[in-house]
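Residues per chain are reported as follows:
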Amino acid sequence: MKENERKITRRFFFGVLGKTSIIVALLAEAIGAIKAFIPKVLYEPPSKFKIGKPEDIPEGITFLPQHRLYIFRNNDDFHAISAVCTHLKCIVDWKPDQREFYCPCHGSIFSQAGINLTGPAPKPLPWYPLSLAPDGNLVIDSSKQVKPDYKYSL
Amino acid sequence: MNNKKNFNPDKDFYWLAFFSFLLFVVVIIAFYREANPEWKKYQREFKNYLEENISPESASAFEFSVKQLWLPELNKVDRCISCHLGYDQPNLTEAPEPYAAHPDILPHSVLKMGCTICHGGQGFALKKKDAHGEVEHWEEPMLGAKLAKKYGFESEKILMQMNCNTCHRRDEDLTGMEMINLGKNLLTQKKKCQTCHIIDGKGGKLAADLTFIGDKPAERFDFSQIKDKLIESERPLSVLSWHFEHFMNPKAVVPDSKMPYVKYTEEEAWALAMLMMSWRSVSLPVMLIPEEKREEVPPPEKKLEKRKLSIVEWGKELFESKGCSECHTIGGGVEVGPDLIGITKLRDIQWLRKMILDPEKMEQTDPLAKKLYQEYEETGMPTEELTLQEVEAIIKYIESFNKESN
């Protein structure tokens, strides 16, 4: 017991305190410096946006040019698909006769569910989740993606 | 060498421990403050409010983040909604501030216009004091109850009318803009301002152009005469106060002012001062202009077509556009200046030409002009830049009335 007690001298204690606190402080500063590169908020349109009241959205498929997406309505079921081609970000056209999305730039074709069928597009068109804001507007969160069987029911 | 002597391992160990521990504490404080910004406190409180008063689902759907209205067309980013969280939730009309829903302001839209365009304040700030514009060198304070009280107004929202009129300057008699409406009425009724001042491109050149007077920064106003008075009466040292004092008595603010003294009531002076503050240049994005009005903006700058006018018609146009008609009538009685009917017979034609061309010089040198200046309450006639042909046209126009009356 006495041997052990003697080992923790005042100098030893302050040495450990000084070294650990400077290491922790410098590490924390490094984390802070890295965090400073990640912006909290950007000067860009929000990824979560309102697209209007559900009753104002027509039955069938509607293109929302401002948000670059197609909104599908089947009675009280809604879903939203991005209109941006996964190849070089052109806006795809809905061809009602073929029931397909057609990209005018390089001819990629997507099915009604946004699955890439032919052409250079490497990935399906993303589906976005919907929700209802307290003021009755439908909200789309384009920062998240959902599976192509997603449905938002009123 | 000295260092070696002074090196004391026992003492320096304590210093190292002391300073590194100090650094540690400072870093911890910095991290704590970074993780607990002011807006997060409000968002936590809001989440609790939702949970207790609305529903647990709405509370769990709420995410902590800096929230903003991004309005590139207006060159604004309004982050007020990081704390004023219920602004778009109609079920929160009863909620306490800052969580209450924004009242219905149709046809305006908070989503399209943001907050600061009407309320003032510093949109991108994230601390209450900064955001409300209660900091030095931010020249657009929030036009709320706090500021209204400083000026001694009872109505909380009265100052917001200035911002309404920045966009609505060409609209008349809008509800909610009572002070501005009063100011506009004074302007059109008495109509004397444009004798000396240019407003919207029309008026005399004797005094400052007032079209965008609201943009003139505070440092370009002379407060030396009213500073003590304002400090004593505990009113803010602001451009608005300056305008008010200036309308109440121009010479008390600018001792060598040529602006005539008009006896306004305090309310009228405030109305005019607020009108002045509202005249700021603003470029409105098309989306904020109602469809039926889009044609009018930007105001079409029709250049005067070179029509073939008779000299009398030309004179009539000049008489109205150069501001003569602001003070003079022809056969309509004495107003600010003398009635001009028969003036071409009464006065020497050469004297008349000189008087129209450079009245300010005449009032100083010519005995007759001096006498008239005294007679008409020392209200001088402003000098307009006219060509000799234009002077001739004006005289011919005045002369044409002689024939009619014969």
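So, how was this worked out
- Residues numbered from 1 in each chain as written.
- Chains lettered and ligands numbered in written order.
- Predicted model: local features only at pLDDT ≥ 70, side-chain atom pairs only at ≥ 80, totals over all residues.
- Helix = DSSP H or I, 4+ residues; strand = E, 2+ residues; numbered from the N terminus.
- Buried ≥ 20, exposed ≤ 12 C-beta atoms within 10 Å, placed from the backbone.
- Contact = placed C-beta atoms within 7 Å.
- Pairing = 2+ DSSP bridges.
- Axes fitted to C-alpha atoms, helices over the stretch in contact; angles between N-to-C directions.
- Core = buried A, V, L, I, M, F, W, Y, C linked by C-beta atoms within 7 Å.
- Domains from an automatic or database assignment.
- Parallel < 35°, antiparallel > 145°, perpendicular 65-115°, else oblique.
- Left-handed = near helix turned anticlockwise from the far one by under 90°.
- Nonpolar A, V, L, I, M, F, W, Y, C, P; charged D, E, K, R; others polar.

## Topic: the overall build of chain A
Alright, step 1. Counting secondary structure elements, chain A contains two helices and twelve strands.
Alright, step 2. Burial status across chain A gives 18% buried among its 154 residues.
Alright, step 3. The long-range fraction of contacts in chain A, counting pairs at least 24 apart against all pairs at least 6 apart in sequence, stands at 35%.

## Considering the sheet that holds strand E7 (residues 109-111) of chain A
Adjacent strands of a sheet form backbone hydrogen bonds with each other and so pair up, either parallel or antiparallel.
All names here are of chain A.
Alright, step 1. Spatially, four strands are ordered E5-E6-E7-E8 in an open sheet, and the strand pairing comes out antiparallel. Both outer strands of the open sheet, strand E5 (93-95) and strand E8 (116-118), are each paired with one neighbouring strand and no more. Shown here is a sheet whose adjacent strand axes are inclined to one another by a mean of 35 degrees, direction ignored.
Alright, step 2. Strand direction decides the pairing type here: E7 and E8, joined by two bridges, are antiparallel. The residue of E8 that forms the bridge with Ile 109 is Thr 118.

## Quick word on the nonpolar core
Alright, step 1. The biggest cluster of nonpolar side chains holds 48 residues, and the ones touching the most others in it are Leu272(B), Ala273(B) and Met274(B).
Alright, step 2. At the level of elements, helix H3 (38-54), strand E1 (69-71), helix H6 (116-119), helix H9 (160-167), helix H10 (178-190), helix H13 (239-248) and helix H15 (266-278) of chain B are the ones that each hand at least two residues to this core.
Alright, step 3. The element best represented in this core is H15(B), accounting for nine residues.
Alright, step 4. Taken domain by domain, the makeup of this core includes at least three residues from each of domain 2 (38-139) and domain 3 (146-278) of chain B.
Alright, step 5. Discounting chain neighbours no more than four positions away, the residues touching Ala273(B) are Leu240(B), His243(B), Phe244(B) and Phe247(B).
Alright, step 6. The next biggest cluster of nonpolar side chains, apart from the first, holds 20 residues, and it includes Cys85(A), Cys103(A), Leu125(A) and Trp127(A).

## A look at unusual backbone geometry
Among all residues save glycine, negative phi is the norm, and among peptide bonds the norm is trans.
Alright, step 1. Geometrically, the link from Glu97(B) to Pro98(B) is a cis peptide bond, its omega value of 5 degrees lying close to zero.
Alright, step 2. By the secondary structure assignment, Pro98(B) is in the loop between strand E2 (76-78) and helix H5 (110-113).
Alright, step 3. Residue Pro107(B) follows Leu106(B) across a cis peptide bond; omega there is 5 degrees.
Alright, step 4. The phi angle at Asn75(A) is positive, at roughly 55 degrees, despite the residue not being glycine.
Alright, step 5. Relative to the helices and strands, Asn75(A) resides in the loop between strand E3 (69-74) and strand E4 (77-82).
Alright, step 6. The exposed category is assigned to Asn75(A), around which 8 C-beta atoms lie within 10 Å.
Alright, step 7. Of note, the phi angle at Asp200(B) is positive, near 55 degrees, even though the residue is not glycine.
Alright, step 8. Note on placement: Asp200(B) falls in the loop between strand E3 (198-199) and strand E4 (202-203).

## A closer look at the packing of H13(B) against H15(B)
Residue and element names in this part refer to chain B.
Alright, step 1. For the pair H13 and H15, interaxial distance at closest approach is 8 Å and the crossing angle is 135 degrees. The angle between H13 and H15 falls in the class oblique. Seen from above, H13 lies across H15 with right-handed handedness. Packed against H13, whose contacting residues are Val 239, Leu 240, His 243, Phe 244, Phe 247 and Met 248, the element H15 presents Ala 269, Trp 270, Leu 272, Ala 273, Met 276 and Met 277 at the interface.
Alright, step 2. Split into classes, the residues belonging to the contact of H13 with H15 amount to eleven nonpolar, one polar and no charged.

## Considerations on the sheet that holds strand E11 (residues 138-141) of chain A
Residues and elements named next belong to chain A.
Alright, step 1. Read across the sheet, three strands follow the order E1-E11-E10 without closing on themselves; strand pairing throughout is antiparallel. Each edge of the open sheet is held by one strand with a lone partner, namely strand E1 (48-52) and strand E10 (130-132). Each strand of the sheet is rotated relative to its neighbour by a mean of 35 degrees, with strand direction disregarded.
Alright, step 2. In this structure, E1 lies alongside E11, joined through four bridges in antiparallel fashion. Its bridge partner being in E11, Phe 49 is matched across the sheet by Ile 140.

## A few points about the packing of H9(B) against H15(B)
Residues and elements named next belong to chain B.
Alright, step 1. Close contact between H9 and H15 brings their axes to 8 Å; oriented N to C, the two are set at 50 degrees. Considering the angle they form, H9 stands oblique to H15. The two elements H9 and H15 cross, and the hand of that crossing is right-handed. Every residue of H15 that contacts H9 at Gln 161, Met 162, Asn 165 and Thr 166 is listed here: Met 274, Leu 275, Met 277 and Ser 278.
Alright, step 2. When grouped by side-chain class, the residues that make up the contact of H9 with H15 number four nonpolar, four polar and no charged.

## Considerations on the environment of His102(B)
Residue and element names in this part refer to chain B.
Alright, step 1. In this structure, His 102 sits in the loop between E2 and H5.
Alright, step 2. Here His 102 falls in the partly exposed class, since 17 other C-beta atoms lie within 10 Å of it.
Alright, step 3. Linking His 102 and His 84, residues 18 residues apart in sequence, is a C-alpha distance of 9.1 Å.

## Digging into the pairing of E4(A)
Residues and elements named next belong to chain A.
Alright, step 1. Where burial is concerned, most of E4 is hidden: five out of the six residues are buried.
Alright, step 2. Judged from the six bridges that link them, E3 and E4 form a sheet pairing that is antiparallel. The residue of E4 that forms the bridge with Arg 73 is Phe 78.
Alright, step 3. What sits between the antiparallel neighbours E3 and E4 is a turn of two residues, in which Asn 75 has the positive phi angle 55 degrees.
Alright, step 4. Pairing analysis gives two bridges linking E4 to strand E12 (residues 152-153), with the strands arranged antiparallel. Pairing of Asp 77 across the sheet is with Ser 153, part of E12.
Alright, step 5. Summarising the sheet, E4 and strand E9 (residues 127-128) pair through two bridges and their orientation is antiparallel.

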